[in-house]
Amino acid sequence: MTSIVAALGGSLLRPEIDNKHVWLSDLIAIIRDRVTMGDRIGIVVGGGAPAREGIALARPLISDDYHLDKIGIAATRLNATIIREAISEAGILVSGVIPSSVNEAVQLLEEKPVVVMGGTVPGHTTDAVAIRFAIAASADKCIIATNVERVYDEDPKINPDTKSHKYLSHEELQRIVGPAEHKEAGQSSVVDPIGVAEASNAKLELNVLDGRITDRIRLALEGSEFEGTVISSERDI
Ligand code: UTP
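Residues numbered from 1 in each chain as written. Predicted model: local features only at pLDDT ≥ 70, side-chain atom pairs only at ≥ 80, totals over all residues. Heavy atoms only, no water.

J.: Talk me through helix H5 (residues 126-136); I want residue IDs and the actual numbers.
T.: The periodicity of an α-helix, 3.6 residues per turn, causes residues three or four positions apart to be oriented the same way. Burial analysis of H5 places 8 of its 11 residues in the buried class, which makes it a mostly covered element. Looking at H5, one finds that the buried residues are Thr-126, Asp-127, Ala-128, Val-129, Ala-130, Ile-131, Phe-133 and Ala-134. Positive phi shows up at Ser-138, right after H5, with a value of about 50°. (Buried < 20%, exposed > 50% of the residue type's maximum accessible area, 1.4 Å probe, protein only. Helix = DSSP H or I, 4+ residues; strand = E, 2+ residues; numbered from the N terminus.)

J.: Tell me about the sheet that holds strand S1 (residues 3-8), residues and numbers included.
T.: One open sheet accounts for 7 strands, arranged S3-S2-S1-S4-S8-S9-S7; its pairing is mixed. In the strand order of this sheet, the two ends are held by strand S3 (114-117) and strand S7 (167-168), each with one partner. In this sheet, strand S8 (residues 205-210) lies alongside strand S4 (residues 141-146) in parallel orientation, the contact comprising 6 bridges. Residue pairing for S8: Thr-146 is matched across the bridge by Asp-210. (Pairing = 2+ DSSP bridges.)

J.: Would you mind going over the nonpolar core in detail, with residue names and values included?
T.: Counting 60 residues, the largest nonpolar core has Leu-8, Ile-43, Ile-83, Ile-87, Val-116, Phe-133 and Leu-173 as the members making the most contacts within it. At 6 residues, helix H1 (residues 20-36) tops the list of elements feeding residues into this core. (Core = buried A, V, L, I, M, F, W, Y, C linked by side-chain atoms within 4.5 Å.)

J.: Which residues make up the site of the ligand, and what are the values?
T.: Around the ligand, 21 residues are found, and the nearest of them are Gly-47, Asp-69, Val-121, Thr-126 and Gly-186. Interatomic distance of 3.0 Å between a backbone N/O atom of His-124 and a nitrogen atom of the ligand. Protein burial of the ligand: of its 560 Å² of free accessible surface, 92% is covered by the chains. Taken together, the elements giving at least two residues each to the shell around the ligand come down to helix H3 (65-89) and H5. In the shell around the ligand, the residues fall into 5 nonpolar, 15 polar and 1 charged. (Near = heavy atom within 4 Å. Polar contact = N/O pair within 3.5 Å; in protein donor to acceptor, adjacent residues only side chain to side chain. Areas by Shrake-Rupley, 256 points an atom, 1.4 Å probe, with all protein chains shown as cover. Nonpolar A, V, L, I, M, F, W, Y, C, P; charged D, E, K, R; others polar.)

J.: Lay out the pairing of S3 in plain terms, naming residues and giving numbers.
T.: Side chains Val-114 and Val-116 project from S3 onto one buried face, and the interleaved Val-115 and Met-117 project onto a second face that is buried too. In this structure, strand S2 (residues 40-45) lies alongside S3, joined through 4 bridges in parallel fashion. When the sheet's bridge partners are listed, Ile-43 is paired in S3 with Val-116.

J.: Can you tell me about the pairing of S4, naming the residues and giving the values?
T.: On a regular strand, one side chain projects to one face of the sheet and the next to the other, so that they alternate. By the criterion of burial, S4 is predominantly enclosed, with 6 of the 6 residues buried. Of the two faces of S4, the one lined by Lys-141, Ile-143 and Ala-145 and the one lined by Cys-142, Ile-144 and Thr-146 are each fully buried. As paired strands, S1 and S4 are joined by 5 bridges and run parallel to one another. Note on S4: the bridge partner recorded for Ala-7 is Ile-144.

J.: Go over the environment of Glu-154, please, and point to the residues and values.
T.: Relative to the helices and strands, Glu-154 is located in the loop between strand S5 (151-152) and strand S6 (164-165). The exposure class assigned to Glu-154 is partly exposed, which follows from its relative accessible area of 45%. Sequence separation between Glu-154 and Val-190 is 36 residues; the distance between their C-alpha atoms is 9.7 Å. In this structure, Glu-154 is in contact with Asn-159 and Thr-162, ignoring residues within four places of it in sequence. (Contact = heavy atoms within 4.5 Å.)

J.: Could you give an account of the packing of helix H4 (residues 102-111) against H5, naming the residues involved and the relevant values?
T.: Across the interface, H4 lies against H5 with an axial gap of 9 Å and an inter-helix angle of 50°. Regarding the angle of H4 to H5, the classification is oblique. Note that H4 runs across H5; the crossing there is right-handed. Taking contact as the criterion, the partners of Val-102, Ala-105, Val-106 and Leu-109 in H4 are, on H5, Val-129, Arg-132, Phe-133 and Ala-136. Split into classes, the residues belonging to the contact of H4 with H5 amount to 7 nonpolar, no polar and 1 charged. (Axes fitted to C-alpha atoms, helices over the stretch in contact; angles between N-to-C directions. Parallel < 35°, antiparallel > 145°, perpendicular 65-115°, else oblique. Left-handed = near helix turned anticlockwise from the far one by under 90°.)

J.: Residue-level account of the packing of H5 against helix H7 (residues 193-202), with values.
T.: Packed helix pairs are specified by the crossing angle of their axes together with the interaxial distance, meaning the distance between the axes. Viewed as axis vectors pointing N to C, H5 and H7 meet at an angle of 20°, and their least axial separation amounts to 8 Å. Here H5 lies roughly parallel to H7, going by the angle between them. Read as a crossing pair, H5 and H7 show a hand that is left-handed. Contacts between H5 and H7 involve Ala-128, Ile-131, Arg-132 and Ile-135 on the former and, on the latter, Ile-194, Gly-195, Val-196, Glu-198, Ala-199 and Ala-202. Per-class residue counts for the contact of H5 with H7 are 7 nonpolar, 1 polar and 2 charged.

Put into structure tokens, the structure is as follows:
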């Protein structure tokens, strides 16, 4: 039996894009197949547009990032609810509640093959939650499904010539994302640097991929080769 936790970046849920529900139904079909094969899947959903909008609205009035983070967490839980309800509607066995801590999520994953959650407490992003969930559940790996093809040395939107990586060690990824500190609420790097440090300590494999293309999520869940970046501690530098 394989256990995998996947972080779905909130930017993947964009109802303003035509037929975005097709992405969601493709994702649900993939989850159904994996559950049929006996896998256990934890899904941690990011805040995306509602997090960004909520934080931007409140920022002029709230100086403390701790409280802005709480707005971001509420948005992640909204998005998690959308995914959970859609999975449940499809008849897949999924936990009935959105857990508010990693410990609760681990317990629920012992009862049901699928658990969907959002953020937990201020001070990090949902990537870090997914990585903690994967470590605590002794998962085989953690998938970070985001909106870039691979991990790049720099933000490809700023430097289109930047180099991308198919394989990285945890240390190399840490150098790219920076030290294990929480950026200000709503700010993110390709993988949360706090999560990278924890994955490194636990030697947890990370798979970074473009989650807009659901087939890449499927391949990574199956353990097949996928387009993206594999981060592991066994890499020969
Ligand atoms: P996200 O996990 O969505 O952050 O949480 P992100 O990386 O900026 O965005 P995407 O979705 O991957 O593109 C949104 C915000 O919610 C707060 C943080 O402020 C974060 O930036 N948050 C989230 C927490 O404080 N704790 C959590 O556990 C999760």
